[in-house]
Amino acid sequence: MSSQLCDFYRETHRMDVISVRPANLFGPGDFLYTRLFPAAMKAIKEGFGIPIHESAMKKWRDFLYVKDAARMIAILVNQTPFYPVYNLSQNRAYTIPKM
(Lines give C-alpha, C1' and ligand atoms only; values in the text may rest on other atoms or scores of the structure.)
Protein backbone atom coordinates (compact mmCIF):
# COMPACT_ATOMS: atom_id res chain seq x y z
CA MET A 1 0.00 0.00 0.00
CA SER A 2 2.82 2.45 0.79
CA SER A 3 4.33 1.79 -2.65
CA GLN A 4 1.01 2.72 -4.22
CA LEU A 5 0.87 5.93 -2.19
CA CYS A 6 4.40 6.79 -3.32
CA ASP A 7 3.40 6.08 -6.94
CA PHE A 8 0.42 8.42 -6.54
CA TYR A 9 2.54 11.33 -5.24
CA ARG A 10 5.25 10.71 -7.85
CA GLU A 11 2.79 10.64 -10.75
CA THR A 12 0.19 13.18 -9.58
CA HIS A 13 2.39 15.80 -7.94
CA ARG A 14 5.68 15.03 -9.75
CA MET A 15 7.45 14.54 -6.43
CA ASP A 16 10.70 12.62 -5.97
CA VAL A 17 9.15 9.99 -3.71
CA ILE A 18 10.56 6.51 -3.24
CA SER A 19 9.38 3.51 -1.28
CA VAL A 20 11.87 1.83 1.05
CA ARG A 21 11.27 -1.73 2.23
CA PRO A 22 13.75 -2.88 4.86
CA ALA A 23 14.30 -6.50 5.83
CA ASN A 24 13.59 -7.57 9.42
CA LEU A 25 15.28 -4.86 11.48
CA PHE A 26 17.03 -5.41 14.80
CA GLY A 27 19.05 -3.20 17.11
CA PRO A 28 18.94 -0.90 20.10
CA GLY A 29 15.64 0.48 21.29
CA ASP A 30 13.54 -2.47 20.12
CA PHE A 31 11.52 -3.58 23.13
CA LEU A 32 8.76 -5.44 21.29
CA TYR A 33 9.24 -8.81 22.98
CA THR A 34 7.16 -10.69 20.41
CA ARG A 35 10.06 -10.18 17.97
CA LEU A 36 13.00 -12.60 17.80
CA PHE A 37 15.95 -10.49 18.98
CA PRO A 38 14.25 -8.61 21.84
CA ALA A 39 12.66 -11.86 23.09
CA ALA A 40 16.02 -13.67 22.90
CA MET A 41 17.89 -10.91 24.78
CA LYS A 42 15.19 -10.75 27.48
CA ALA A 43 15.22 -14.54 27.91
CA ILE A 44 19.02 -14.64 28.20
CA LYS A 45 19.00 -11.79 30.71
CA GLU A 46 16.41 -13.62 32.81
CA GLY A 47 18.34 -16.91 32.62
CA PHE A 48 15.97 -18.74 30.28
CA GLY A 49 16.51 -20.44 26.94
CA ILE A 50 15.82 -18.59 23.71
CA PRO A 51 12.17 -19.04 22.72
CA ILE A 52 11.67 -20.32 19.18
CA HIS A 53 8.19 -21.02 17.92
CA GLU A 54 7.74 -24.32 16.08
CA SER A 55 6.26 -22.53 13.06
CA ALA A 56 9.47 -20.49 12.67
CA MET A 57 11.88 -23.45 12.62
CA LYS A 58 12.04 -23.83 8.82
CA LYS A 59 11.33 -20.27 7.69
CA TRP A 60 14.11 -18.20 6.17
CA ARG A 61 14.56 -14.56 7.19
CA ASP A 62 16.89 -11.75 6.18
CA PHE A 63 17.90 -9.44 9.05
CA LEU A 64 19.30 -5.93 8.89
CA TYR A 65 20.85 -3.90 11.72
CA VAL A 66 18.81 -0.73 12.27
CA LYS A 67 21.84 1.59 12.00
CA ASP A 68 22.76 0.04 8.64
CA ALA A 69 19.20 0.67 7.44
CA ALA A 70 19.47 4.30 8.61
CA ARG A 71 22.72 4.73 6.64
CA MET A 72 21.10 3.25 3.53
CA ILE A 73 18.10 5.57 3.84
CA ALA A 74 20.40 8.59 4.33
CA ILE A 75 22.21 7.69 1.10
CA LEU A 76 18.89 7.46 -0.76
CA VAL A 77 17.68 10.78 0.68
CA ASN A 78 20.85 12.60 -0.37
CA GLN A 79 20.97 11.49 -4.00
CA THR A 80 18.65 11.37 -6.97
CA PRO A 81 16.93 7.98 -6.92
CA PHE A 82 17.15 5.73 -9.97
CA TYR A 83 14.26 3.47 -8.98
CA PRO A 84 10.86 4.00 -7.34
CA VAL A 85 11.28 1.13 -4.82
CA TYR A 86 14.30 -0.02 -2.82
CA ASN A 87 14.50 -3.27 -0.84
CA LEU A 88 17.04 -2.89 1.97
CA SER A 89 18.71 -6.12 2.92
CA GLN A 90 22.02 -7.90 3.48
CA ASN A 91 20.84 -10.39 0.88
CA ARG A 92 21.65 -13.21 3.31
CA ALA A 93 18.77 -15.28 4.61
CA TYR A 94 18.99 -17.50 7.67
CA THR A 95 16.76 -20.00 9.38
CA ILE A 96 15.87 -18.98 12.92
CA PRO A 97 17.78 -21.89 14.55
CA LYS A 98 20.93 -20.87 12.61
CA MET A 99 20.76 -17.38 14.10
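Our structure's up above, just so we're on the same page.
Residues numbered from 1 in each chain as written. Predicted model: local features only at pLDDT ≥ 70, side-chain atom pairs only at ≥ 80, totals over all residues. Heavy atoms only, no water.

## Some details on the overall build of the chain
The helix and strand inventory of the chain stands at three helices and five strands. The order of helices and strands in the chain, counted from the N terminus, is α-β-β-α-β-α-β-β. Here the chain, with 99 residues, has 19% of them falling under the buried criterion. Contacts in the chain between residues at least 24 apart in sequence constitute 69% of all its contacts with a sequence separation of at least 6. Total accessible area on the chain stands at roughly 7,800 Å², and carbon and sulfur atoms take up 59% of it. (Helix = DSSP H or I, 4+ residues; strand = E, 2+ residues; numbered from the N terminus. Buried < 20%, exposed > 50% of the residue type's maximum accessible area, 1.4 Å probe, protein only. Contact = heavy atoms within 4.5 Å. Areas by Shrake-Rupley, 256 points an atom, 1.4 Å probe, with all protein chains shown as cover.)

## Quick notes on the sheet that holds strand β3 (residues 60–65)
The strands making up a sheet are joined through hydrogen bonds of the backbone, oriented either antiparallel or parallel. A sheet is described by the order of its strands in space; here three strands give the open sequence β2-β3-β5, paired in mixed fashion. Of all strands in the sheet, those bounded by a partner on one side alone are β2 (24–26) and β5 (93–95). Looking at each pair of strands side by side, their axes are set apart by 50° on average, direction ignored. Across three bridges, β3 lies against β5 in antiparallel orientation. Note that in β5 the partner of aspartate 62 across the bridge is alanine 93. Packed on one face of the sheet, helix α3 (residues 66–77) meets β2 and β3 and runs near 70° to β3. (Pairing = 2+ DSSP bridges. Axes fitted to C-alpha atoms, helices over the stretch in contact; angles between N-to-C directions.)

## Concerning a nonpolar patch on the surface
Taken together, the side chains of Met41, Ile44, Ile50, Ile52 and Met57 present a nonpolar region at the surface, about 450 Å² in accessible area. By secondary structure assignment, the location of isoleucine 50 is in the loop between α2 (36–45) and β3. For isoleucine 50, a relative accessible area of 48% gives the class partly exposed. (Patch = residues over 30% accessible without salt bridge, like charges linked within 9 Å, V, L, I, M, F, W, Y side chains within 5 Å. Salt bridge = Lys/Arg side-chain N within 4 Å of Asp/Glu carboxyl O.)

## Thoughts on unusual backbone geometry
Unlike most non-glycine residues, arginine 14 shows phi in positive territory, near 50°. Following the sequence through the fold, arginine 14 ends up in the loop between α1 (2–13) and β1 (19–22). Although it is not a glycine, asparagine 91 sits at a positive phi angle of roughly 60°. In this fold, asparagine 91 is placed in the loop between β4 (85–88) and β5.

## Concerning the nonpolar core
With six residues, the main nonpolar core is built from Ala23, Leu64, Ala69, Leu76, Tyr86 and Leu88. If you list the elements that add at least two residues to this core, you get α3 and β4. Residue contacts for leucine 64: discarding those within four places in its chain leaves Ala23, Asn24, Leu25, Phe26, Ala69, Met72, Leu88, Ser89 and Gln90. (Core = buried A, V, L, I, M, F, W, Y, C linked by side-chain atoms within 4.5 Å.)

## A word on α1
Under the 1.5 Å per step criterion, the end-to-end length of α1 is 16 Å for twelve residues, consistent within 8% with the ideal 16 Å. After α1 finishes, the residue arginine 14 shows a positive phi value of roughly 50°. (Expected span 1.5 Å × (residues − 1).)

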